[in-house]
There are 2 protein chains.
Amino acid sequence: MTLKDLARELGVSTATVSNAFNRPDQLSPALRERILGEAKRLGYRGPDAKARSLRTGRSRIIAVILAESLTYSLNDAVSSEFLSGVAEVLDTQGHTLLLLSARQAKCQLVDSASMADGFIVYGLMPSDELFDSLPLNASLVAVDFNVAGHPSVHIDNEPSCFEIADHALSVKSRKRPAIVNLRLTETPCNGRVTPEHILLPPERTITRARLSGFYRALEKHGLDSEQVPMWNVEENTFDVCAPVIEEILDLPDAERPDLLLCMSDRLALTALTLAEQRGLRIPDDLCLIGFDGIAEGQYRAPRLTTIRQESGDKGRLAARMILGLEPRHSRLLKTELILGETCH
Amino acid sequence: MTLKDLARELGVSTATVSNAFNRPDQLSPALRERILGEAKRLGYRGPDAKARSLRTGRSRIIAVILAESLTYSLNDAVSSEFLSGVAEVLDTQGHTLLLLSARQAKCQLVDSASMADGFIVYGLMPSDELFDSLPLNASLVAVDFNVAGHPSVHIDNEPSCFEIADHALSVKSRKRPAIVNLRLTETPCNGRVTPEHILLPPERTITRARLSGFYRALEKHGLDSEQVPMWNVEENTFDVCAPVIEEILDLPDAERPDLLLCMSDRLALTALTLAEQRGLRIPDDLCLIGFDGIAEGQYRAPRLTTIRQESGDKGRLAARMILGLEPRHSRLLKTELILGETCH
DNA sequence: TTGTACGCGTTATCAT
DNA sequence: ATGATAACGCGTACAA
């Protein structure tokens, strides 16, 4: 049953049937009633989305391209919250959400992509050439990194990290701070960062900005940031974090850090769990700070001291920009220091 | 730049260009090279997905229709894990994932839907009529509930709940068990379930099956299940669960249950957090069991005693069935009892 | 209200 | 074998 069949059946033109569905004002109410009634009776389900999107050039589909795999992104609290914000706005506006990952085979990514009306790109992409393959006219908003020629949504990573590290270092004198990084080395590294490791360039990744904030706070407190031991973790999941955190916690007492500046809540929560297992008192023996402000860190005792970034707002804003509900220029969102009980 | 333009530019037919992209065996390698080379040079990005999907009838898009809102589903660990499993398989098979919610306006849901090649329906839908509007030929797999004429994927809710409740009641004598339900009343209810409340019919919802399992275990242990107090929560989030759990925990000592049979880990974790805040010792003062086996319940101390359902496997299986990688008949997945420290 | 060109490829059929 | 032709998929938009 197609629109054309229905038109023939009713003895009206296809245009009229189309109008009955899309533009009520273009035909008499009586005729419209009749068309809709017959449509239902004959089992015609309304204009086909594929045909319509070919004709109009729009699909009402917005694609989110995630830097990480879908499997990871969907299980991570921060990106889930982001997606949830995106979905909320799209839903309201009658659009739908197509999930893509930059990790997918390029060809299939690109042609699924050409169905979408717009793109929200979340996180640092493995390469920029991807963007050359996207439809030229489609709009694009980058989140947490920049794409030349397109607006982006960021949070103020450096100041936030300065603020929280400054807080951590002020509360009580900590002799042995250490930093736990997320995906910050040029080559993959799960473990201690040595001078041989090259760090990703500042403009490429948000974690580098977080590191700068930590460094600035350390310097302010008279510490030589170069001397502060640093670890790195490649993936923000318990399973990947745990071995690295264990390596830290299992250092001899005299060497074990008494303050961990973690770049994510997942890192900090992993440290918290493993530290508790080892009988370390928090915050007395070990002080912890995180970043993100995920629910899991707050609905527990002790609550994590962390920086709350509103990932949901980030998603909502990006979605609104894509849909043209918001001016298309780059935005910087604020964060908030949450004082929990893991650092005081 | 369309395929037609490129064909004209090269002086070959559109069919040949199409073949160069889709069926290398249909033309000489030399010609194919030339076409692909020129395509790149002239900025032709390959066949347009919209046009192709109109012609072929396929889009390589699989839609997941979620019973809950996208906002909720993306933030919930269980459904995220499910989606993650779906995405993993689709990815591998060159398909993409479109997220829809049964809560969306019907019309937009239906027409976004008509783009998809297949549907995975997750959770109890508000109404069945939705399925009448879906494309007739499209394949459909239901998860956690049944849709007439289509295969489904289930877990064994009743036996699992019997098993864990039986365990809980065996470990030590508990005088005052109580049940915390999830969305089980006919009319919304966040609080104590009274005889006036009508419960959803067993065939409609998995939580009713869970309740049966609990009841069977209670009877086995000589308890009158009718007498066991029951609460109900409408949404599986901390914010909605908390007030109900507080109502339970704040009962006078003599009335407060010493065993909570919770239908989800979120419920149990909420109870755990709030109980700890009140200085209740777990499991001595209060014994807790959950359902789901989400990571959050295991990466902590005490770990939750719960039933682990492999939501990821559920998603993978549903996706494989939709893609025809798996026979299209209903399947029942096994669960596993996880002995944590919240009930012994 | 209607006729109809158009959007962009795909594929069956035909020709060389 | 290779390549070309043309019908087809389903609506939409604009002129009439």
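Conventions we followed
Residues numbered from 1 in each chain as written. Chains lettered and ligands numbered in written order. Predicted model: local features only at pLDDT ≥ 70, side-chain atom pairs only at ≥ 80, totals over all residues. Heavy atoms only, no water. Near = heavy atom within 4 Å. Polar contact = N/O pair within 3.5 Å; in protein donor to acceptor, adjacent residues only side chain to side chain. Helix = DSSP H or I, 4+ residues; strand = E, 2+ residues; numbered from the N terminus. Core = buried A, V, L, I, M, F, W, Y, C linked by side-chain atoms within 4.5 Å. Buried < 20%, exposed > 50% of the residue type's maximum accessible area, 1.4 Å probe, protein only. Contact = heavy atoms within 4.5 Å. Least-squares fit on C-alpha atoms with pLDDT ≥ 70 in both.

An unreviewed UniProt entry lists chain A under the name Substrate-binding domain-containing protein, from Billgrantia kenyensis.

Neighbouring DNA strand D are 27 residues; Leu3, Ser18 and Arg55 of chain A together with Thr16 and Arg55 of chain B lie closest to it. Considering DNA strand D, the proportion of its atoms within 4 Å of the protein that are sugar or phosphate atoms stands at 65%. Between Asn22 of chain A and DNA strand D, the recorded distance is 3.0 Å, taken from a side-chain N or O atom to a phosphate oxygen. At 2.9 Å from a phosphate oxygen of DNA strand D is found a side-chain nitrogen or oxygen belonging to Thr16 of chain B. Elements that contribute at least two residues to the surface near DNA strand D include exactly helix H2 (14-22) and helix H4 (49-56) of chain A together with helix H2 (14-22) and helix H4 (49-56) of chain B.

Taken together, 26 residues sit near DNA strand C, with Thr16, Ser28 and Arg55 of chain A together with Leu3 and Arg55 of chain B positioned nearest. Backbone sugar and phosphate groups make up 67% of those atoms of DNA strand C lying within 4 Å of the protein. Between Leu3 of chain B and DNA strand C, the recorded distance is 2.6 Å, taken from a backbone N or O atom to a phosphate oxygen. Note that a base nitrogen of DNA strand C is positioned 3.4 Å from one of the side-chain N or O atoms of Arg55 of chain B. When residues of the surface near DNA strand C are traced back to their parent elements, those giving at least two are H2 and H4 of chain A together with H2 and H4 of chain B.

Moving on to the nonpolar core. The biggest cluster of nonpolar side chains holds 155 residues, and the ones touching the most others in it are Leu99 and Ile120 of chain A together with Leu99 and Ile120 of chain B. In this structure Ile120 of chain B touches Ile62, Ala63, Val64, Ile65, Phe82, Val86, Val141, Val143, Ala318, Ala319 and Ile322 of chain B, once residues within four positions along its chain are discounted. The next biggest cluster of nonpolar side chains, apart from the first, holds 46 residues, and it includes Leu100 and Ala116 of chain A together with Met125 and Ala138 of chain B.

Turning our attention to the relation of the copies chain A and chain B. Mapping chain A onto chain B leaves a residual RMSD of 0.1 Å; the transformation is a rotation of 180° accompanied by 0.0 Å of translation along its axis. What the superposition gives is, in effect, a two-fold axis relating one chain to the other. Rotation axis and chain A: the residue whose C-alpha lies nearest the axis is Leu98 of chain A, separated from it by 2.3 Å. Interface overlap between copies is the fraction of interface residues in one copy that are interface residues in the other; for chain A against chain B it reaches 98%, indicating a shared surface.

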